[in-house]
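Report on the structure
Listed below are the residues making up each chain.
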Amino acid sequence: MRVLVTGGTGFVGSHSVAALMRAGHDVRLLVRRADRIAPALEPLGITAPMDHIVGDVTDPEPVARAVAGCDAVLHAAAVYNLDARASRATTETNLPGTQIVLDAAVAEGCDPIVHVSSTVALTRRGTTVTPDSPLSNLRSPYIASKAASEQYARSLQDWGAPIVIVQPGGVYGPHDPHLSDQMRRLKDVLKGRYPMWPTGGYHVVDVRDVAAVHAAVMVVGQGPRRYIVPGDHTHGRRLFGALRAVTGRRLPFLTVPSVLMLPITWSVSKIQPFVPFHIPADHEGVLINHNVTRCDDSRARSEVGVVPRSLEDSLRDSVRWLHEHGHVSVRQAGLTAGDLTGPSGRSPRDGGR
Ligand SMILES: NC(=O)c1ccc[n+]([C@@H]2O[C@H](COP(=O)([O-])OP(=O)(O)OC[C@H]3O[C@@H](n4cnc5c(N)ncnc54)[C@H](OP(=O)(O)O)[C@@H]3O)[C@@H](O)[C@H]2O)c1
């Protein structure tokens, strides 16, 4: 099939492009900047020039040109950043971009049309959710934008459009071209910038498993469907325990009741827009943990057949990649940097601070 991919220069999108091409599909990209294609795709082994259209997902004209002649669509472009400074871009991009891309794909008769949602769109305090659970009614910018985007995708499904909604949890894994929010937080954990972690929990997945789901659902004629990407329910002790296991480091941290961290991080979110650096206390991150939503991912396991990597394997590859690309030092990467160090014990690419 000829598949249009939006967001192909990002973390989820680049791995998905690689998985789609391995599955034999022809891929066209909609990108904001053509010079971002090679840095995103070459590390994944894609060196041939890519068919692409330059444009923004919030602009109907380039989107219509990009969709023209495609059999299927993977819509992975969105703003994923819990930093309060990104709130406006999140609101202005995620729902409008989804409406424009999905509408254009339906008008072109594409099948399937895969919409990348998120488990945060299903956030409900203390519940176990399935892919069909009611959408979150939280009003914070990113969660609300993903819930509204999925609501739009669901409304098209109700009309019978062949839309496949894929809901990943927080994504870890190697090769993140923009060092997006989740991997930046992991880097900051390794640097000791998160000495406190809220109680609660959230669903996490590996980027390669997200890409595998996207490739597996790229089949014509299956109708509307929804899948939570298989992964792991994670909380502070689980995350830091897995990181200790893969790095061999002590990584001390304090678990703090999320109910106490919510007002503090809410205050930080009001100050953050006026501060030129990121304050590692994202309110929406605490909110997601606080709601401690568990995910029943059994449908994707049985119907799509994707068996998730362990959290330990995912984090080992993530930390090693962070080190290889100079985001964390050899000391911060711990055991994962073992095979990269020279006789001095220091990595030649030891650029982390
Ligand atoms: N990462 C996670 O933990 C996670 C978890 C659950 C769901 N998701 C979802 O997965 C999808 C991809 O996220 P990601 O983690 O891969 O984010 P990412 O690495 O930041 O990539 C975002 C992609 O979207 C593109 N994009 C952003 N705004 C655009 C616009 N206005 N027009 C055209 N392209 C635009 C970016 O292009 P540029 O290269 O030009 O910036 C980039 O290719 C999103 O829908 C996100 O909500 C992510």
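Residues numbered from 1 in each chain as written. Predicted model: local features only at pLDDT ≥ 70, side-chain atom pairs only at ≥ 80, totals over all residues. Heavy atoms only, no water.

A short note on the site of the ligand
Going by this rule: In this text, near means that some heavy atom of the residue lies within 4 Å of the molecule or strand in question. Distance and chemistry together define a polar contact, namely a pair of N or O atoms within 3.5 Å, with one atom able to donate a hydrogen and the other to accept it when in protein, and with adjacent residues in sequence counting only for side-chain atoms on both sides. The method behind every accessible area is Shrake-Rupley, applied with a 1.4 Å probe, and residues are considered shielded solely by the protein chains displayed. Only DSSP runs of H or I reaching four residues or more are called helices, and only runs of E reaching two or more are called strands; each is numbered from the N terminus.
Contacts to the ligand come from 26 residues, most closely from Thr-9, Arg-36, Tyr-142, Lys-146 and His-178. Between the ligand and the protein, one listed contact pairs an oxygen atom with a backbone N or O atom of Gly-10 at 3.0 Å. Taking Asp-56, its side chain carries an N or O atom lying 2.9 Å from a nitrogen atom of the ligand. Bound to the protein, the ligand loses 95% of the 900 Å² it would expose on its own. Residue assignment for the shell around the ligand shows that the elements contributing at least two residues are helix 1 (11–22), helix 5 (141–158) and strand 8 (170–172).

Considering the packing of helix 3 (residues 60–67) against helix 4 (residues 87–108)
Helix-helix packing: each pair is described by the crossing angle between the helix axes and the interaxial distance. Spelled out, the test is: Under this scheme, a helix contributes an axis fitted over its contacting stretch, all axes are lines through C-alpha atoms, and angles between N-to-C directions fall in the 0 to 180 degree range. Here the angle decides the label: under 35 degrees means roughly parallel, over 145 means roughly antiparallel, 65 to 115 means roughly perpendicular, and every other value means oblique. Helix crossings get a hand from a simple test, with the near helix turned counterclockwise from the far one by less than a right angle marking a left-handed crossing and a clockwise turn marking a right-handed one. Note on contacts: a residue pair qualifies if any of its non-hydrogen atoms lie within 4.5 Å across the two residues. Amino acids outside the nonpolar list (Ala, Val, Leu, Ile, Met, Phe, Trp, Tyr, Cys, Pro) and the charged list (Asp, Glu, Lys, Arg) are all regarded as polar, and Gly is one of them.
With their axes 9 Å apart at the nearest point, helix 3 and helix 4 run at an angle of 40 degrees to one another. If you check the angle between helix 3 and helix 4, you find them oblique. Of the two elements, helix 3 crosses helix 4, and the hand of that crossing is right-handed. Judged by residue contacts, Pro-60, Val-63 and Val-67 of helix 3 engage Ile-100, Val-101, Ala-104, Ala-105 and Glu-108 from helix 4. Along the lines of polarity and charge, the residues of the contact of helix 3 with helix 4 split into seven nonpolar, no polar and one charged.

Some thoughts on the sheet that holds strand 7 (residues 163–167)
Quick note on the threshold: A pair of strands is labelled paired if DSSP reports no fewer than 2 bridges between them.
What the seven strands build is an open sheet, ordered 3-2-1-4-5-7-11; its pairing is parallel. The sheet is open, and its two borders are formed by strand 3 (51–54) and strand 11 (225–228), each paired with just one other strand. Neighbour to neighbour, the strand axes of the sheet diverge by 15 degrees on average, direction disregarded. When strand 7 meets strand 11, the two strands line up parallel, connected through four bridges. Within strand 11, the position partnered with Ile-165 by the bridge is Arg-226. Sheet strands in contact with helix 5 are strand 5 (113–116), strand 7 and strand 11, and its direction is about 150 degrees off that of strand 7.

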